[in-house]
Amino acid sequence: MIARNLLIVEDVPEALAWLTDVARAAFPGITVAAARSVQQAAEKIAAEVWDMALVDLGLPDGSGLDVIRRLKARSPETMCIVSTVLGDDANIVAALSAGAQGYILKGQPEAVVHRQLMQLQHGIPALSPTIARRIMEHFQRTGPVDGDIEPLTARETDVLTMVSKGFRNAEVARALGLAESTIATHVKSIYRKLGISSRAEAALHASRMGLT
Amino acid sequence: MPPVAGLLGAIAVFVVAALGALWLATAQPWLGLVMHAGDDGLVVVTQVQRADLPEGLAPGARVSRIGDIDLRAVDVIEEPDTLPSYDAINAFLARQGALTEVLAQPEVSIAWSNGNATVQQTVIAPYAGRPAWSLPAEFWLQLFVGGAGIIIGGWVWALKRDTPSMFFTLSGLGLMMSSLSASVYGTRELALGVSQLKALSACNYLGTNAFGLALISLLLVYPQRIGKPWTIVAVWVVGLIAVGAQLLQMMPQQAIGAYGPMLVQFFVIMVLVAAQLYLSRRAPLARAALGWFGLSILLGTSVFVFTIAVPALLGLEPQASQAHAFGIILLIYCGLAIGVARYRLFDLGIWSFRLGSYLLGGLVLIGLDALLIYVVSIERIPAFGLALLAVGMLYLPLRNFLGGLLSRRSGIDPSRFKDVFDIALSRNAAEQESKWRALLSNCFAPLSVDSGSDISRAEIFDGGQQLLVPATSATPPLMMRYAHGGRRLFSQADADWLQQLVAMLEHALTSRDAHERGARQERTRMARDLHDNIGAQLLRTLHSSDNERKNAIIAETLTDLRDIINNAQGMGMTLAEILAELRFETDDRLVAVGIDLDWQSDVPDSRVVDARLAHTLRSIIREAASNTIRHAGARHFAVEIAERAGDLHVRISDDGSGMTGTKSRRDGGLVNMTARAEGHGGALNISSTNGTLIEVRIPLEASQP
């Protein structure tokens, strides 16, 4: 997918400038727009369909999770990428289950972020060992409670397990005898199921509490 | 023996005796006439129970002669003891004997008149037996009183085996003997055989005296023991001698023999009640209980004494039916029940009612069943169903309602949990105390809550007038006075309930303390992590002149910050998790510059380490990787991590150019690595033969300096 326009939602001006530079370098010729709050982002989302969005989670007037949900509601095709300084696991897993396709850590060197953005554009999502571990815990907790939840396949579980032990995608591919692109497909599928399962889980909680 | 067995035993005694009485009453020849003494000394028919009798023989008719015996009003007298002399009694017995013989004939001629009309002769064939339905209400009333006496006596005895309750039970037994025998002869149609009559009369007399003597004995030992054992023995010896003398007709006069002992007993009881009340003047609980019980004994017996005994002694007619007087004796048992319920008479409480209540339900079921079959004449099976329905729909809800009323105050109200936790979470000691006092007032409605003395458990004091509240770690010991606005005493159930409240509060306070302690420790840990890691690294950044190095340190600092935050969210860090992340990150960095990573790690999954050690490990491996990337020109980078004998061994090597000693010493990063390892009580060794080899040993257990 070639992204034509990019929305960066970021409240720290320096970070915004830096991200804009990195993004322009990674995606030459892309149109970049910026929003500094959930409010501004909402206006931009209403005005236009975005191919890609870099969303900071901690915004002055709310959570970036909200922005991701709006983007997905407006156009499910939009590639949402979480950008975070600290990358605390709970927030990243929450963002992934809200529909984000990947995340970047703003604290990392420019070269690393540049590479991650390129990979994301080519459909290779990032997955760190800690995030993999949290996702595994999530699926173990959810369990096969509901027909709507699609369980992970054996291969997907293998991939998650290996990543959680600190293997990178390339190593996982080598160990499992698969192409690296297949691993990326598995990770994307895991993210998608994570989104579905946490929606189903939320619905389940809601119905248990008599909210629906 | 469980309490229920005692109670069932008493019921069994009653059932056997009642069946005996019923058998005796129904095994008599039956004319079908209910007769009473008329004003004119003749016998008047008040009810005709048989349909095959001549039409004129209706209520109001006077019966003058049966067989060859002239009937007199004395023949239908309810209680022969009310006759003035032994001679009169003996004559009465002789006439009863003669009448019995007449009635035993297949046909009896009866002379009767109706108003002024002439005397008519009718021949009636008495039935061989008297049907139970024809027995008058007085019979059943006396049966009921006898049953109440023995069953309530058995109830108290079943729950409390001591001398007072034994005497109480004995009085119930006496009452049953007395009223059941009276029920047979007092409600005879016309006559009973001499021997039966004598035996029943003796039984009645003995029972009445046993009842009185047992009550005297009871009041001699309860609530205060004012009689020595020999006093009680003397009471019984004297009492039984009087009984014997009367039965042998050796008393100076029949009326004195029959009612003298009863009158004496009544006055003794009165004196004893007064004495007990006086002796209990400083024990309000005993006094309150005695008040009810003594008053009801006096009331119950005085009716008997003043309507039957005293008139008989004065040579007057009895002023009430003996059967009705028996009914009034039931007052004693009402008094007893109230005494138990309100003042723990005999030390029994509300709980003791529960023993009987289901049993009572069963009896109601059987009674209704019998009523429906024999009185309403419904078939057996539907009758049982109807009875069951009635018990289910009426008795059980009623019982539950009454049970709820009686036991409401000692139940655990779940809404109190909230109050208790409110107290525990209050910050201020004064507020805690006032809330605690308010909660106690809500639960027990005492007239006052004052500070009390230190005790370890909730305790009833002064016979239930006070309830002592133990101190908790937040509230002082307290003392509540006069439960329920003074309307009742504190019970053991209250004390238990209070103890539960205290335990609950103590638990809530402890939990809150534990939680606060935990939070404080966590804050301390975070502060230390921030100081040791983030602070130190920012300081390094500040004093570093190398711009690229500054950036690297800041990136590391962000990762450390992330650790601290993730850890603050309650997920402990296992060593395996830290190493996985480190491996991923290191490989990512090495791959970018074309260096292969060989990572071997062998640590147990469950090993948990603190943030400081995690940081040290990370710093060392990152620093080593950075050195290899920057200086070595290596193609391979290997890390081996293993846990051996409580130490973590890390071996980092590359195949680069190695480092010169002077360079390594000057390098801030390496100095820092060594200092960190040593700070954990471990060691770091660097050698450069084939590439660089860094060996680190860090103790896992005593990693805190």
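Cut-offs applied
- Residues numbered from 1 in each chain as written.
- Chains lettered and ligands numbered in written order.
- Predicted model: local features only at pLDDT ≥ 70, side-chain atom pairs only at ≥ 80, totals over all residues.
- Helix = DSSP H or I, 4+ residues; strand = E, 2+ residues; numbered from the N terminus.
- Buried ≥ 20, exposed ≤ 12 C-beta atoms within 10 Å, placed from the backbone.
- Contact = placed C-beta atoms within 7 Å.
- Axes fitted to C-alpha atoms, helices over the stretch in contact; angles between N-to-C directions.
- Parallel < 35°, antiparallel > 145°, perpendicular 65-115°, else oblique.
- Pairing = 2+ DSSP bridges.
- Nonpolar A, V, L, I, M, F, W, Y, C, P; charged D, E, K, R; others polar.
- Left-handed = near helix turned anticlockwise from the far one by under 90°.
- Core = buried A, V, L, I, M, F, W, Y, C linked by C-beta atoms within 7 Å.
- Expected span 1.5 Å × (residues − 1).
- pLDDT = per-residue confidence, 0-100.

Student: Can you walk me through the overall build of chain B in this structure?
Tutor: Along its length, chain B carries 19 helices and 15 strands. Buried residues in chain B amount to 35% of all 705 residues. Here the contacts in chain B between residues at least 6 apart in sequence split such that 68% fall between residues at least 24 apart.

Student: Just to check I follow, could you spell out the overall build of chain A for this structure?
Tutor: Looking only at helices and strands, chain A features nine helices and seven strands. Put simply, chain A has 212 residues, and 42% of those count as buried. Partitioning the contacts of chain A with sequence separation of at least 6, the portion at a separation of at least 24 is 65%.

Student: Even after reading the chapter, I still don't get the environment of B:Arg607, so can you show me in this structure?
Tutor: Residue and element names in this part refer to chain B. Mapped onto the elements, Arg607 comes out in the loop between β11 (596-602) and α17 (611-632). With 14 C-beta atoms counted inside 10 Å, the residue Arg607 sits in the partly exposed group. Placed 31 residues apart in sequence, Arg607 and Ala576 show a C-alpha to C-alpha distance of 7.4 Å. The residues touching Arg607, leaving out its near neighbours within four places in the chain, are Thr574, Leu575 and Glu643.

Student: Is there a simple way to explain the packing of helix α2 (residues 86-104) of chain B against helix α5 (residues 194-221) of chain B in this structure?
Tutor: When two helices pack together, you describe them by how their axes are tilted relative to each other and by the distance separating the axes. Residue and element names in this part refer to chain B. The N-to-C vectors of α2 and α5 enclose an angle of 135°; their axes lie 8 Å apart at closest approach. Our classification of the angle between α2 and α5 gives oblique. Residue-level contacts link Leu93, Gln96 and Gly97 of α2 to Val194, Leu197 and Lys198 of α5.

Student: Sorry if this is basic, but what is going on with the sheet that holds strand β1 (residues 5-9) of chain A here?
Tutor: What links the strands of a sheet is backbone hydrogen bonding, and the strands pair in either a parallel or an antiparallel sense. All names here are of chain A. Taken in spatial order, the five strands line up as β2-β1-β3-β6-β7 in an open sheet, and their pairing is parallel. Lying at the two open borders of the sheet, with one neighbouring strand each, are β2 (31-35) and β7 (102-105). Strand-to-strand, the axes of this sheet are offset by a mean angle of 20°, without reference to chain direction. Two elements, β1 and strand β3 (residues 52-56), share four bridges in a ladder whose sense is parallel. In the strand pairing of β3, Val9 is matched with Val55.

Student: Would you mind going over the pairing of strand β15 (residues 693-699) of chain B with me for this structure?
Tutor: For a regular strand, side-chain orientation follows a simple rule: the groups alternate between the two sheet faces. Residues and elements named next belong to chain B. A one-sided burial pattern is seen for β15, the buried positions being Ile694, Val696 and Ile698 and the unburied ones Leu693, Glu695, Arg697 and Pro699. Pairing analysis gives seven bridges linking strand β13 (residues 647-654) to β15, with the strands arranged antiparallel. By the bridge assignment for β15, Ile652 is matched with Ile694. Alignment of strand β14 (residues 683-687) against β15, held across five bridges, turns out to be antiparallel. Following the sheet pairing, Ser687 is matched in β15 by Leu693.

Student: When you look at the interface of chain A and chain B in this model, what are you seeing that I'm missing?
Tutor: The partner chain B presents 17 residues to the 18 residues of chain A that form the contact. Residue assignment for the side of chain A that touches chain B shows that the elements contributing at least two residues are α4 (89-98) and α6 (129-142) of chain A. Residue composition of the side of chain A that touches chain B, grouped by class: six nonpolar, seven polar and five charged.

Student: Hey, could you run me through the sheet that holds β14(B) in this one?
Tutor: Residues and elements named next belong to chain B. An order of β11-β12-β13-β15-β14 is seen for the five strands of this open sheet, with the pairing classed as mixed. The open sheet has two edge strands with one neighbour each: β11 and β14. On average, each strand axis in the sheet is inclined to that of its neighbour by 10°, with strand direction left out of account.

Student: Any chance you could explain unusual backbone geometry here in plain terms?
Tutor: Note: most residues except glycine have negative phi, and most peptide bonds are trans. All names here are of chain B. Positive phi, close to 60°, is recorded for Gln249, a residue that is not glycine. Residues other than glycine seldom take positive phi values, yet Ala645 does so here, at roughly 50°. Assignment of secondary structure puts Ala645 in the loop between β12 (636-644) and β13.

Student: What is the right way to read the packing of helix α3 (residues 137-159) of chain B against helix α4 (residues 163-186) of chain B from this model?
Tutor: Residue and element names in this part refer to chain B. Where α3 contacts α4, the axes come no closer than 8 Å and their chain directions differ by 165°. Classified by the angle between their axes, α3 and α4 sit roughly antiparallel to one another. In this structure, α3 meets α4 at a crossing whose hand is left-handed.

Student: Sorry, what's going on with the pairing of β7(A) here?
Tutor: Residues and elements named next belong to chain A. Going residue by residue along β7, you find Gly102 and Ile104 tucked away on one face and Tyr103 and Leu105 tucked away on the opposite face as well. With four bridges connecting them, strand β6 (residues 79-84) and β7 associate as parallel partners. Bridged to Ser83 within β7 is Ile104.

Student: Looking at this structure, I do not really get the nonpolar core. What am I missing?
Tutor: For soluble globular proteins, nonpolar side chains are generally found buried alongside one another. B:Val63, B:Leu215 and B:Leu219 are the most contacted members of the largest nonpolar core, which totals 82 residues. Once you skip the residues sitting within four places of it in the chain, B:Leu215 turns out to touch B:Ser171, B:Ile269 and B:Ile297. Counting 59 residues, the second-largest nonpolar core is a separate cluster that includes A:Leu59, A:Leu117, A:Phe167 and A:Val187.

Student: When you look at α3(B) in this model, what are you seeing that I'm missing?
Tutor: Residues separated by three or four positions in an α-helix point in the same direction, a consequence of the helix having 3.6 residues per turn. Between its first and last C-alpha, α3(B) extends 33 Å over 23 residues, near the 33 Å set by a 1.5 Å rise per residue. Counted residue by residue, α3(B) has 18 buried out of 23 residues, so it is predominantly covered.

Student: Hey, could you run me through the confidence of the model for chain B in this one?
Tutor: Low pLDDT marks regions whose predicted coordinates should not be analysed in detail. In the predicted model, chain B carries a mean pLDDT of 81, and the fraction of residues at 70 or more is 86%. As a predicted assembly, this complex carries a pTM of 0.47 together with an ipTM value of 0.76.

Student: Can you help me understand α4(B) in this one?
Tutor: Spanning 24 residues, α4(B) covers 34 Å between terminal C-alpha atoms, matching the ideal 34 Å at 1.5 Å per step. In terms of burial, α4(B) is largely enclosed, as 21 of its 24 residues are buried.

Student: Help me out: how do you make sense of the environment of A:Leu59 in this one?
Tutor: Position of A:Leu59 among the secondary structure elements: in strand β4 (residues 58-59). Excluding residues that lie within four positions of it along the chain, A:Leu59 makes contacts with A:Val9, A:Asp11, A:Ser37, A:Val38 and A:Gly64.

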